[in-house]
Amino acid sequence: MTLELHELASAVRARRDAHVRMLSALVAFPSLLGQESDAQRYMARTFTGMGLELDEFEIDDDALRQHPAYAPSLTSYAGRPNVVGIHRPRNGTTGRSLILNGHIDVVPVGDERLWSSPPFSPVVRDGRLYGRGAADMKAGIVAYTLAMRTLFELGFEPAAPVYLQSVIEEECTGNGALGCLMRGYRAEAAIIPEPSDTIRDAQLGVMWLTLHVQGVPAHAAVAPDGSSAIDFAGYLVGAMKGLAEQWNGSACRHARFADHAHPINFNLGELRGGEWPSSVPTQCEARIRVSFYPGTTPEQALAEIRATLADAHRQRPGGALFNWSIDNAGGFRAEGFVLDPGIPLIETLSLCHRDVHGVAPERFAFTGTTDARYFNLYGATPAVCYGPPGENIHGVDEYVAIDDMLNATTVIAWFIARWCGLNRR
Ligand SMILES: [Zn+2]
């Protein structure tokens with residue numbers, strides 16, 4: 001290989017407009033849960049246009065259900081394919097294979113009136129591209145796509161298989177990435193360009209839980225005669241948060257998360273209940289995102305949460321009037337992991353980052369989950385998250401700085417060159 005870094009970096013800079021065009025096109029697709037198909041069609045066209053072999057497939061929910069890492073699905077998989085662009089070297093395989101994975105789905109926009117401009121109308125202001133999904137993680141998909149395309153256009157090809165995966169449902173189940181795993185995709189390393197220019201080599205376990213509570217109705221005029229399901233749900237969620245604080249405490253703290261201020265967060269994200277203002281509510285449903293340390297399985301975390309709730313129920317005066325249950329009937333059921341910092345993927349990626357930025361990257365233990373867990377825990381494919389950092393992900397006025405996206409493209413292309421090796425095309 002005779003590619004010089006300065007040559008690569010200037011070729012990426014020369015493609016600034018191509019980055020902005022592709023990211024704008026992707027952000028304009030409102031690829032919320034269940035609405036990913038148009039964006040995936042765009043990715044399929046893009047991969048085919050680069051001369052990659054295309055593998056487009058829908059997720060088989062019944063087959064996935066057999067896997068221990070399956071998360072209960074939330075909606076049908078019909079018409080919402082995963083898309084994979086496959087590069088197989090024409091001129092000999094001498095290097096190591098690589099998966100580049102990104103999720104096409106985005107999270108809800110929240111109250112749209114809080115945004116400075118509509119979330120699915122991409123806008124460039126002050127060198128930043130704004131829109132839902134701009135940072136999390138469509139800029140990462142642009143970075144790996146244009147990293148490959150730039151190498152091709154410079155007259156090179158990776159000297160090993162490279163798989164470009166655009167998957168659905170990272171934000172709620174992970175079943176898109178699990179679908180790729182079950183289709184047989186493996187490699188000697190994987191990079192997921194989530195919004196972080198630190199190397200994320202550890203993450204928490206995450207689960208979505210639904211708490212169901214039943215109370216006793218009464219006329220509001222004699223409210224003390226009833227037992228409010230909403231009040232009791234609030235009480236139980238409080239008990240759960242007490243458990244979270246216990247897990248945050250030094251006695252329970254996982255060593256890799258020792259420097260975090262508050263790694264374990266139980267978030268009451270959705271609450272529904274009651275009938276109308278003049279009746280004491282008979283039912284309430286709370287949906288909560290919980291997290292737990294690597295080494296704890298989702299089943300163990302749920303058992304501990306159930307025990308805490310049962311305890312709180314017993315201690316509550318008049319508690320016998322209430323019924324409750326808690327389950328993981330839909331959404332995340334994700335285990336955490338910690339990678340060994342000495343593995344070749346992290347060493348090589350660190351060198352590439354240092355070549356481009358002049359300083360070594362930090363390593364970071366993420367207090368959420370990502371699709372990296374499937375590769376590391378079930379796919380024998382070491383995987384880290386590393387990509388263009390962004391701001392306000394899952395918030396309002398999400399953006400990515402265009403320069404950060406270009407830098408990520410350069411680092412990823414440089415990593416491909418070192419990891420896979422390059423052939424002349
Ligand atoms: Zn993401």
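Along each chain, numbering runs from 1 in the same order as the chain's sequence is written. It should be noted that, the model being predicted, local features are given only for residues of pLDDT at least 70 and side-chain atom pairs only at 80 or more, the latter also being counted only at that level, while totals for whole chains, interfaces and linings use all residues. With hydrogens and water set aside, each side-chain value is computed from the structure's full complement of heavy atoms.

> Tell me what's going on with the environment of E56, and back it up with residues and numbers.
Numbering of helices and strands runs from the N terminus, with a helix taken as a DSSP run of H or I at least four residues long and a strand as a DSSP run of E at least two residues long. For E56, the position within the fold is in strand β1 (residues 53-57). Note on exposure labels: buried denotes an accessible area under 20% of the residue type's maximum, exposed denotes more than 50%, and partly exposed covers the range between, all computed with a 1.4 Å probe on protein chains only. Under the relative-accessibility criterion, E56 is labelled partly exposed at 41%. Taking C-alpha positions, E56 is 57 Å from A223, a pair spaced 167 residues apart along the chain. We call two residues in contact whenever any of their non-hydrogen atoms come within 4.5 Å of each other. The residues touching E56, leaving out its near neighbours within four places in the chain, are A44, P81, N82 and V83.

> Any details on the coordination of the zinc ion? Residues and values, ideally.
Put simply, a metal with four donors set out as a tetrahedron has ideal angles of 109.5 degrees, and one with six donors set out as an octahedron has ideal angles of 90 or 180 degrees. Surrounding the zinc ion are the protein donor atoms H103 (NE2), D136 (OD) and E194 (OE), which sit 1.9 to 2.1 Å from the metal. Coordination shells were defined by N, O and S atoms within 2.8 Å of each metal, extended to 3.2 Å for Na, K and Ca; water is absent from the atom set, which can make sites look incomplete. Sequence spacing of the donors to the zinc ion: H-x32-D-x57-E. Of this pair, H103 sits in strand β3 (residues 98-103) while E194 sits in the loop between β8 (190-192) and β9 (199-203), placing them 91 residues apart in sequence.

> I'd like a description of the nonpolar core, backed by residues and values.
Within the largest apolar cluster, 91 residues are counted, with the highest numbers of intra-cluster contacts made by M43, L98, L100, L164 and I416. When sequence neighbours within four positions are dropped, the list of residues in contact with L98 reads P161, V162, Y163, A187, A189, A190, I191, F415, I416, W419 and C420. Here, nonpolar core refers to any group of buried Ala, Val, Leu, Ile, Met, Phe, Trp, Tyr and Cys residues whose side-chain atoms link them within 4.5 Å.

> Could you give an account of the environment of N323, with specific residues and numbers?
Mapped onto the elements, N323 comes out in strand β13 (residues 323-327). Distance from N323 to H212, taken between C-alpha atoms, is 8.2 Å for residues 111 residues apart in sequence. N323 has contacts with H212, V213 and Q214, leaving out every residue within four places of it along the chain.

> Help me get a handle on the packing of aromatic side chains, residues and values and all.
The pairing test for Phe, Tyr and Trp rings, Trp by its six-membered ring, is centres within 6.5 Å, and the orientation test on the planes gives stacked under 30 degrees, edge-to-face over 60, and tilted for anything in between. Inspection of every chain in the model, using the stated rule, returns 10 aromatic pairs. Between F415 and W419, the ring centres sit 5.4 Å apart and the planes meet at 15°, which makes this aromatic pair stacked. On the criterion of helical spacing, the pair formed by F415 and W419 is a turn pair, its members being four residues apart in helix α11 (residues 402-420). Among the residues examined, F415 registers a relative accessible area of 0% and is labelled buried. Put simply, the rings of F232, Y235 and F322 pair up and form one aromatic cluster. Between the NZ or CZ atom of R96 and the centre of the ring of W419, over which it lies, the distance is 3.7 Å. Looking at R425, its charged tip hangs above the ring of F152, at a distance of 4.2 Å from the centre. Only Lys NZ and Arg CZ are tested; either one counts as a charge over a ring when it is within 6 Å of the ring centre and within 35 degrees of the ring normal.

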